[in-house]
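Here are the chains, one letter per residue:
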Amino acid sequence: MDAVFSDFRKAYETGNGYELCQTLSPLPPASDPDRLDRFYRSTNFSHAQRDFKSWILNHQASSFTLPAEEGNGWVEVYHLYWKTVGEILRAEAAAETSSKVSWVKVYESWKEMTISLIRGYTNCGFEAWTVPCLYVAGKYMRIFAIKADEGAANTPGSVTNFDDFNPEAEKNEKLEDAARHLNRIFTICLSDRAPLEDSRKWGIYNIINLLFKTYFKLNSISLSKNILKAIQAYRGDMPTLDAFPKAHQVTFKYYVGVIYFLEEAYEEAEKHLTEAWQMCHKDSIRNKELILTYLIPCHLLTTHTLPSSTLLAPYPHLQSLFLPLSRCIKKGDLSGFDAALVAGEDEFTKRRIYLTLERGRDIALRNLLRKVFLAGGFEENPKDPAAPLVRRTRIPVSEFGAAISLGSRETMDGDEVECLLSTMIYKNLMKGYIARERGIVVLSKGGAFPGTGV
């Protein structure tokens, strides 16, 4: 107990919120692995609240005095934290002996501590510099909720919900509950009317990022959009995003980019994801991999560019997913593209990028048709036979049809080929028109395949 409240006093004396929040961590410091165990054994249920009150409000060694209301708020928080530590220690002991682990009790206990912490800001005058305590409370409430839901799902005889509307309601019961309490934290930060230098608004993006993670886990993307609307409504009273820690900025830009990506607003998504990529720390390999997972499909659709081997070198998992597709797109190998898409289907679907990547088949087809165009060679200038040769721009539909049938390994009739060609022209991947009565495609002399140099 002495170590925890000694750190509490030091943090309060210096006004260091990050040091203060470490006293509420459910994980012991690496330098003191037995800290939680000693803290829990330092008192008992009969004396815990009295002992904490003595340490926080009446300790003689303390060089500062907390107002009674604020001090009593912290007494309640640490009392509930002490109870949670006991549940964590019991859960960890059960896991070591392969006994039944009740993460539900851990979650419920941690939730009570979080509610008490929220009450401290609304009723007990907790100052804004202590907001990192909300970061820790929110972060681990989400983690314990996921563990509780996983434990409930693995319990023999657990109820299965066959509701057609939401078949995973039971599965995510605790996480949905955690989302509601995270929203309360978001609200008390966003609605703080104190001057900006003393405002809880400085904690807003950390909490938003926690909400994004939670809503994505729940597959409730529409709720993430509600958060963005709320931020927009308070924009005039908020510090600008670039005033927040870079880690908060990068995570926020990543999730906003993914939200736009899922709405198929690929240019906006590319903008936010590119900013997240440029700001991300060079050693954050996992975070950069997550950003690239969505940025690569964005580039494919907006600029028709493919990732290089050099770019993907630090990310073996992304290499296995994207390099086969990239090679097939570059070569115009339609059947190979389809096979690569099927091979990565599970991961693409999990990441919600399957439908976007599927559109890359148009780029592969464009490259295949371009090869036919280039293979057509040159012909005399009909207006001046003495002039240099010009590239042939009248290509029989049958030549394109033969290439598509070979590339896709499927026989296609003339109408199907014309349908594909007209779609390519409509999407501005080819410039020209189909002369059906003559069975040819007349391509533009000045850039038949935009963006490719021919």
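Structure first, text after, so check above.
Now for a quick tour of the structure. Every chain is numbered on its own, with residues counted from 1 as its sequence reads. Totals for whole chains, interfaces and linings use all residues, but because this is a predicted model, local features are given only for residues with pLDDT of at least 70 and pairs of side-chain atoms are given and counted only at 80 or more. Hydrogen atoms and water are omitted, and side-chain values are computed over all heavy atoms in the structure.

### Thoughts on the packing of helix H5 (residues 68-96) against helix H6 (residues 103-123)
Piece 1. An axis is simply a line fitted to the C-alpha atoms; with a helix, the fit covers only the stretch in contact. Between two such axes, the angle follows the N-to-C directions and lies from 0 to 180 degrees. Numbering of helices and strands runs from the N terminus, with a helix taken as a DSSP run of H or I at least four residues long and a strand as a DSSP run of E at least two residues long. Between H5 and H6, the shortest axis-to-axis distance is 9 Å and the interhelical angle comes to 170 degrees. Taken together, the axis directions place H5 and H6 in an arrangement best described as roughly antiparallel. Only Trp103, Lys105, Val106, Ser109, Trp110, Glu112, Met113, Ser116, Leu117 and Asn123 of H6 make contact with H5, whose side of the interface consists of Glu69, Gly73, Trp74, Glu76, Val77, Leu80, Tyr81, Lys83, Thr84, Glu87, Ile88 and Ala91.
Piece 2. Side-chain classes are defined by residue name, with Ala, Val, Leu, Ile, Met, Phe, Trp, Tyr, Cys and Pro counting as nonpolar, Asp, Glu, Lys and Arg as charged, and the others, Gly among them, as polar. The residue inventory of the contact of H5 with H6, partitioned by class, reads eleven nonpolar, five polar and six charged. Roughly parallel means an angle under 35 degrees; roughly antiparallel, over 145; roughly perpendicular, 65 to 115; everything else is oblique. Throughout, a residue-residue contact means that at least one pair of heavy atoms, one from each residue, lies within 4.5 Å.

### Some remarks on the side chain of Arg142
Piece 1. Within the fold, Arg142 resides in helix H7 (residues 132-153).
Piece 2. For every residue, the accessible area obtained with a 1.4 Å probe (protein chains only) is divided by the maximum for its type, and the residue is called buried under 20%, exposed over 50%, and partly exposed between those limits. When charges are counted, neither His nor the chain ends are considered; positive counts come from Lys and Arg and negative counts from Asp and Glu. The salt bridge definition used is simple: a Lys or Arg side-chain nitrogen within 4 Å of an Asp or Glu carboxyl oxygen. The side chain of Arg142 sits in the buried core without any salt bridge; Glu150 is the nearest counter-charge, 9.5 Å away.
Piece 3. Setting aside residues no more than four positions away along its own chain, Arg142 makes contact with Leu175, Leu210, Lys213 and Thr214.

### Considering the sheet that holds strand S5 (residues 440-443)
As a general point, the strands of a sheet are linked pairwise by backbone hydrogen bonds and lie either parallel or antiparallel.
Piece 1. A pair of strands is considered paired only if DSSP assigns at least 2 bridges between the two. Taking strand neighbours across the sheet as the criterion, the three strands line up as S3-S5-S4 in an open arrangement whose pairing is antiparallel. In the strand order of this sheet, the two ends are held by strand S3 (394-396) and strand S4 (432-435), each with one partner. Direction aside, neighbouring strands of the sheet carry axes that sit 25 degrees apart on average.
Piece 2. Relative to S5, S3 runs antiparallel, the two being bridged by three bridges. Each bridged residue has a counterpart across the sheet, and for Arg394 the counterpart in S5 is Val442.

### Section: the packing of aromatic side chains
Piece 1. Each pair of aromatic rings taken from Phe, Tyr and Trp, with Trp reduced to its six-membered ring, is defined by centres within 6.5 Å and is described as stacked if the planes are under 30 degrees apart, edge-to-face if over 60, and tilted in the remaining cases. Taken as a whole and judged by the stated rule, the model has 35 aromatic pairs.
Piece 2. Arranged with centres 6.2 Å apart and planes meeting at 85 degrees, the rings of Tyr12 and Trp74 form a pair that is edge-to-face. With Tyr12 in helix H1 (residues 2-14) and Trp74 in helix H5, the pair connects residues that are 62 residues apart, well separated along the chain. Of the two residues examined, Tyr12 and Trp74, each falls in the buried class.
Piece 3. Seen from their ring centres, Phe39 and Phe52 are 5.8 Å apart, and the 10 degrees between their planes marks the pair as stacked. One end of the pair, Phe39, is in helix H3 (residues 35-41); the other, Phe52, is in helix H4 (residues 48-57), with 13 residues separating them in the sequence. No difference in accessibility class separates Phe39 from Phe52, as the two residues are buried.
Piece 4. Taken together, the aromatic side chains of Phe5, Phe8, Tyr12, Phe39, Phe52, Trp55, Trp74, Tyr78, Tyr81, Tyr121, Phe126 and Trp129 make up a single cluster linked through ring pairs.
Piece 5. Whether a charge sits over a ring depends on NZ of Lys or CZ of Arg being within 6 Å of the ring centre and within 35 degrees of the ring normal. Over the ring of Trp103 we find Lys147; its NZ or CZ atom is 4.3 Å from the centre of that ring.
Piece 6. In this arrangement the basic side chain of Lys288 is found over the ring face of Trp277, its NZ or CZ atom lying 4.4 Å from the centre.

### Some details on the pattern of salt bridges
Piece 1. Scanning all chains against the criterion turns up 21 salt bridges.
Piece 2. Its salt-bridge partner being Glu264, residue Arg359 comes within 3.0 Å of it at the nearest N-O pair. Taken as a pair, Arg359 in the loop between helix H18 (354-358) and helix H19 (360-375) and Glu264 in the loop between helix H11 (246-262) and helix H12 (266-279) lie far apart in primary sequence, 95 residues in all.
Piece 3. We classify Arg359 as partly exposed; its relative accessible area is 35%.

### What to know about the environment of Tyr140
Piece 1. Mapped onto the fold, Tyr140 is located in helix H7.
Piece 2. Taking the relative accessible area as the measure of exposure, Tyr140 reaches 12% and is therefore buried.
Piece 3. For the pair Tyr140 and Leu27, spaced 113 residues apart in sequence, the C-alpha to C-alpha distance is 10.0 Å.
Piece 4. Discounting chain neighbours no more than four positions away, the residues touching Tyr140 are Pro26, Leu27 and Trp110.

### Regarding the side chain of Asn367
Piece 1. Take Asn367: it is sitting in helix H19.
Piece 2. Look at Asn367 and you get buried, because its relative accessible area is 14%.
Piece 3. When near neighbours in sequence (up to four residues on either side) are disregarded, Asn367 contacts Ile329, Lys330 and Gly332.

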